[in-house]
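Observations on the model geometry
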Amino acid sequence: MDLLALSDFNLVARHGGFGKAARASGRPKATLSRRVQDLEAALALRLFERGGRDLKLTEEGRALYERTTVLLTEIVETAANIASGGETPRGRLRISAPLLLSQTAMGKIAAGFALKYPEVRLEITTEDRPVDMIEEGYDLVIRVNPDPDETLIGKPFLRDRLVVVASPQVTRPAAGVPIPGIVREAAGAQSWKMKTLRGEETIDIMPGLALSSLIMVCDAARAGAGVARLPISLVSRHLTDGSLIHWGDVDGSDIALWALYPSRRLLSSRVSAFMNHLKEAFPIGTPEELAAYISG
């Protein structure tokens, strides 16, 4: 198989058209078209659906793209590393991270990594949704309690847990009396179970505020709008200064943050360096360590 033709096919597939690929790469559109046609002839397959304004991959074309794009990237990176005479991390590193970690700690993490590895162009996007690492071009994703995925490998580097907190202004109600709650998603009445020094307790919640950010939830709880369930790492300093009171621990709320990368891809020096950077930032990986990192 002609690797140059395969590389040009991946270029066109990634950009969604010959014109876009030509502008992005500076290559003639006619050359890209000819090479893709040569590849289709060699494979006896049609890789693109032609005829409309948008160029779309056929089922066979998509399968070829998904299975070869990572391999071609590895070939380019390996050649670059050999040419440079070592494994010094360099090039682009794209990471997807969850919202709360990004708002509280990722800026500091990213700055430390950038200072340590100035030849790496680090790009971090914030989103809680599951991303398709291959399709969207991510090298590493950080996720909270991810579902098992045989296409990804990695390990947890931080742990956290949820606690029920409220401002000192909020009085605990009698059993069965609802109390205003601050939640992330709008919902009706609910019950929260928590572990306290007296054992397991249940409080009835009537959500009064639905806020999409846990930092907003924390601020609203400190302002006395109701009770909230929040990570201990986020509220630790507020519990210390007394602006929040710890009502109890949420049972079974262990949180693990995982750093994940595609199992089909060799671990690049950039990804390896970032994972080592996380390990250096959080050598133990406890909620207390994260709280100290955020406050430091």
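Figured I'd write up the structure that's included with this text. (Residues numbered from 1 in each chain as written. Predicted model: local features only at pLDDT ≥ 70, side-chain atom pairs only at ≥ 80, totals over all residues. Heavy atoms only, no water.)

**Here's the deal with the overall build of the protein chain**
Within the protein chain one finds ten helices and 13 strands. Relative to the compact-globule value of 19 Å for 296 residues, the protein chain shows a C-alpha radius of gyration of 25 Å, a clear excess of over 25%. Over its C-alpha atoms, taken along the principal directions, the protein chain stretches across nearly 75 × 45 × 30 Å. Split by element, the accessible area of the protein chain, about 15,900 Å² in all, is 54% carbon and sulfur. The average position of the 36 basic charges and that of the 36 acidic charges among the side chains of the protein chain differ by 5 Å. (Helix = DSSP H or I, 4+ residues; strand = E, 2+ residues; numbered from the N terminus. Rg over C-alpha atoms; globule rule 2.2 N^0.38 Å. Areas by Shrake-Rupley, 256 points an atom, 1.4 Å probe, with all protein chains shown as cover. Lys, Arg positive; Asp, Glu negative; His and termini not counted. Charge placed at Lys NZ, Arg CZ, Asp CG, Glu CD.)

**Re the nonpolar core**
Counting 26 residues, the largest nonpolar core has L101, I109, L140, I142, F157 and F274 as its most contacted members. Contributions of two or more residues to this core are made by strand 3 (91-97), helix 5 (99-116), strand 5 (140-144), strand 6 (152-160), strand 13 (255-262), helix 9 (269-281) and helix 10 (287-295). Dropping the residues within four chain positions of it, F274 is found in contact with L93, I95, M106, I109, F113, L122, L140 and I142. Among the nonpolar cores identified, the runner-up in size contains 19 residues, and A13, F18, V36 and L39 belong to it. (Core = buried A, V, L, I, M, F, W, Y, C linked by side-chain atoms within 4.5 Å. Buried < 20%, exposed > 50% of the residue type's maximum accessible area, 1.4 Å probe, protein only. Contact = heavy atoms within 4.5 Å.)

**What about the sheet that holds strand 3?**
Strand order in the open sheet formed by five strands is 4-3-5-13-6, with mixed pairing between adjacent strands. With one partner strand each, in any of the chains shown, strand 4 (120-126) and strand 6 form the two edges of the open sheet. Recorded for the sheet is a direction-independent mean angle of 20° between the axes of neighbouring strands. Lying on the sheet, helix 9 is in contact with strand 3, strand 4, strand 5, strand 6 and strand 13; it crosses strand 3 at an angle near 50°. (Pairing = 2+ DSSP bridges. Axes fitted to C-alpha atoms, helices over the stretch in contact; angles between N-to-C directions.)

**A word on the packing of helix 7 (residues 214-222) against helix 8 (residues 232-241)**
Interhelical geometry of helix 7 versus helix 8 gives an angle of 25° and a closest axis separation of 11 Å. As the angle between them shows, helix 7 and helix 8 are arranged roughly parallel. When the axes of helix 7 and helix 8 are compared, the crossing they make is right-handed. Between helix 7, through L214, I215, C218 and R222, and helix 8, the contact on the second element is made entirely by L234, V235 and H238. (Parallel < 35°, antiparallel > 145°, perpendicular 65-115°, else oblique. Left-handed = near helix turned anticlockwise from the far one by under 90°.)

**Quick notes on the environment of M275**
By the secondary structure assignment, M275 is in helix 9. Note on M275: relative accessible area 13%, which makes it buried. Remark: the alpha-carbon pair of M275 and K155, spanning 120 residues in sequence, is separated by 9.5 Å. Once residues lying within four places of it in the same chain are set aside, the contact partners of M275 are L140, K155, A259, Y261 and L267.

**Thoughts on the packing of aromatic side chains**
Counted by the stated rule, this structure contains six aromatic pairs. Residues F157 and F282 carry aromatic rings whose centres are separated by 6.3 Å and whose planes lie at 35° to one another, so their mutual orientation is tilted. Of this pair, F157 sits in strand 6 while F282 sits in the loop between helix 9 and helix 10, and the two are 125 residues apart along the sequence. The residues F157 and F282 share a single accessibility class, namely buried. Ring plane angle 55° and centroid distance 4.9 Å describe the contact between F282 and Y293, whose orientation is recorded as tilted. Highlighted residues: F282 in the loop between helix 9 and helix 10 and Y293 in helix 10, separated in sequence by eleven residues. In this structure, F282 and Y293 share a single accessibility class: buried. Ring pairs connect the aromatic residues F9, F18 and F48, which therefore count as one cluster. A cation over an aromatic ring shows up here: K108 above the ring of Y293, its NZ or CZ 4.3 Å from the ring centre. (Phe/Tyr/Trp six-rings, centres within 6.5 Å; stacked < 30°, edge-to-face > 60°. Lys NZ or Arg CZ within 6 Å of the ring centre and 35° of its normal.)

**With respect to the packing of helix 5 against helix 10**
Pairs of packed helices are described in terms of their axes, by the angle between the two and the distance that separates them. The geometry of helix 5 relative to helix 10 is characterised by a closest axis approach of 9 Å and an angle of 70° between their N-to-C directions. The angle between the axes of helix 5 and helix 10 places the two elements in the roughly perpendicular class. Every residue of helix 10 that contacts helix 5 at L101, T104, A105, K108 and I109 is listed here: L290, Y293 and I294. Across the contact of helix 5 with helix 10, the residue classes tally to six nonpolar, one polar and one charged. (Nonpolar A, V, L, I, M, F, W, Y, C, P; charged D, E, K, R; others polar.)

**What to know about the pattern of salt bridges**
Under the criterion given, the structure shown has 15 salt bridges. Two residues, R129 and E136, come together in a salt bridge whose shortest N-O distance is 2.6 Å. A relative accessible area of 39% places R129 in the partly exposed class. What makes E136 partly exposed here is its relative accessible area of 27%. Linked through salt bridges whose partners overlap, the residues forming this network are R92, R94, R121 and E123. (Salt bridge = Lys/Arg side-chain N within 4 Å of Asp/Glu carboxyl O.)

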